[in-house]
Amino acid sequence: VHGFAGGKESHTEFGEFLAAHGFAALTVDLRGHGESEGEMDADILDDVGAALDFLAAHPQVDARRIALRGSSLGGNIAIHAALRYPQVWAVVAVCPAPEWLLLPWLASGQAEAESRQMGLSLRLNPTSFAHYLRHHDLRQAVAHLSPRPLLLIQAKGDPLVPYTSTQELYSL
């Protein structure tokens with residue numbers, strides 16, 4: 001699961017690595033990103049659900065052992081999707097961005113401005129996506145994810161997500 005204003009291409013190399021080692025891997029553009037349709041909005045978890053259904057229907061996939069990997073906002077989405085969709089067996093969250101960090105960034109207009117500045121094609125419904133952020137809490141999600149495995153990875157030098165937020169999640 002890619003991050004804000006990212007796309008499937010940001011996880012292609014990792015997906016290819018997994019495939020070369022016998023795993024099935026799927027990278028997707030979430031709504032409002034890349035080649036997807038629509039706008040990034042409060043229903044973004046539905047995209048993960050559709051990807052899970054697609055994978056589970058594939059004859060070479062063990063539907064009981066599907067894991068999600070996400071980075072930044074994608075880490076947030078992967079954790080919340082695991083709570084919504086019981087078929088998620090495990091989660092790897094790389095620098096998961098918490099809602100308390102994303103909401104002010106979105107409200108300030110920085111999110112849209114930075115994506116335009118970087119030349120990224122993001123279609124965003126800020127009001128609807130803010131609804132998603134206000135109605136989800138990464139701390140609560142992590143606390144309720146057990147007994148499913150969760151691997152948290154954080155870089156101390158991440159310019160967007162402070163490592164202390166991931167340390168807090170780990171302590172839960």
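See the structure above.
These notes cover the structure that comes with them. All values reported here derive from a predicted model rather than from experimental measurement. For every chain, the first residue of its written sequence is number 1, and the numbers climb from 1 along that sequence. Predicted model: local features are reported for residues with pLDDT of at least 70 only, side-chain atom pairs are reported and counted for 80 or more only, and whole-chain, interface and lining totals are derived from all residues. Computation of side-chain values covers all heavy atoms of the structure but excludes hydrogens and water.

Put simply, DSSP H or I for four residues or longer makes a helix, DSSP E for two residues or longer makes a strand, and each gets a number counted from the N terminus. Of regular secondary structure, the protein possesses 8 helices and 3 strands. Counting from the amino terminus, the protein carries its helices and strands in the arrangement α-α-β-α-β-α-α-α-α-β-α. Along the first, second and third principal axes, the C-alpha set of the protein runs to 45 × 35 × 30 Å. Burial here depends on accessible area, computed with a 1.4 Å probe over protein chains only, as a share of the maximum for the residue type. Under 20% is buried, over 50% is exposed, and the range in between is partly exposed. Looking at the protein residue by residue over its 172 residues, the buried ones come to 42%. Throughout, a residue-residue contact means that at least one pair of heavy atoms, one from each residue, lies within 4.5 Å. Residue pairs at least 24 apart in sequence account for 66% of intrachain contacts in the protein once pairs closer than 6 positions are excluded. Charged-residue counts in this description rest on Lys and Arg as positive and Asp and Glu as negative, His and the chain ends being excluded. Just so you know, the charge point we use is NZ for Lys, CZ for Arg, CG for Asp and CD for Glu. Each charge class in the protein was averaged separately, 12 positive and 19 negative side chains, and the resulting centres sit 5 Å apart.

Only rings of Phe, Tyr and Trp enter the pairing, Trp through its six-membered ring, and a pair is recorded when the two centres are within 6.5 Å. The plane angle decides the type: under 30 degrees is stacked, over 60 is edge-to-face, the rest tilted. Using the criterion set out here, one finds 3 aromatic pairs in the structure. With 4.8 Å between their ring centres and 70° between their planes, F4 and W105 make a pair best called edge-to-face. Here F4, found in the segment before α1 (12-20), pairs with W105, found in helix α4 (residues 99-107); they are 101 residues apart in sequence, far enough to count as distant. As far as burial versus exposure is concerned, F4 and W105 are alike and both buried. A ring pair is formed by F129 and Y132, whose centres lie 5.4 Å apart and whose planes are at 15°; its orientation type is stacked.

Attention shifts here to the pairing of strand β2 (residues 88-94). Where burial is concerned, most of β2 is hidden: 5 out of the 7 residues are buried. Strand direction decides the pairing type here: strand β1 (residues 66-71) and β2, joined by 6 bridges, are parallel. Within β2, the position partnered with R69 by the bridge is V92. Clockwise travel from the first strand over the helix to the second, with the strands pointing away from the viewer, marks a crossover as right-handed. Traced from β1 through helix α3 (residues 73-84) to β2, the parallel crossover comes out right-handed. Strands pair, by our definition, only if DSSP identifies at least two bridges between them.

Mapped onto the elements of the fold, P147 is located in the loop between α7 (138-145) and β3 (150-153). Judged by relative accessible area, P147 falls into the exposed class, the value being 78%. Separated by 57 residues in the primary sequence, P147 and A90 place their C-alpha atoms 9.3 Å from one another.

It is worth spelling out the side chain of D29 at this point. Of note, D29 is situated in the loop between α1 and α2 (45-57). Overall, the relative accessible area of 14% leaves D29 in the buried class. Contacts described as polar in this section are N or O atom pairs within 3.5 Å, which, within protein, must combine one atom able to donate a hydrogen with one able to accept it, while residues neighboring in sequence count only if both atoms come from side chains. At a separation of 2.8 Å, a polar atom in the side chain of D29 contacts the main-chain amide nitrogen of K8. A polar side-chain atom of D29 sits 2.9 Å from the main-chain amide nitrogen of E35. Here D29 is in contact with H2, G7, K8, E9, G34, E35 and S36, once residues within four sequence places are set aside.

Here we come to the nonpolar core. F4, M40, V48, I77, I79, F129 and Y132 are the most contacted members of the largest nonpolar core, which has 44 residues in total. Elements that contribute at least two residues to this core include exactly α2, β1, α3, β2, α4, α6 (126-134) and α7. Element by element, the count of residues in this core is highest for α3, at 6 residues. Leave out the neighbours within four places in its chain, and I77 touches V1, L30, I44, L45, V48 and Y132. Here, nonpolar core means buried Ala, Val, Leu, Ile, Met, Phe, Trp, Tyr and Cys residues that are tied together by side-chain atoms lying within 4.5 Å of each other.

This part is about the pattern of salt bridges. One side-chain nitrogen of Lys or Arg within 4 Å of one carboxyl oxygen of Asp or Glu is enough to make a salt bridge. Scanning all chains against the criterion turns up 9 salt bridges. Among the ionic pairs, E9 bridges to K8, the shortest N-O distance being 3.2 Å. For R31, the salt bridge goes to D47, with nearest N and O atoms at 2.8 Å. In this pair, R31 sits in the loop between α1 and α2 while D47 sits in helix α2, placing the two residues 16 residues apart along the sequence. A relative accessible area of 17% places D47 in the buried class. Within this structure, K8, E9, D29 and E35 form a network of salt bridges that share partners.

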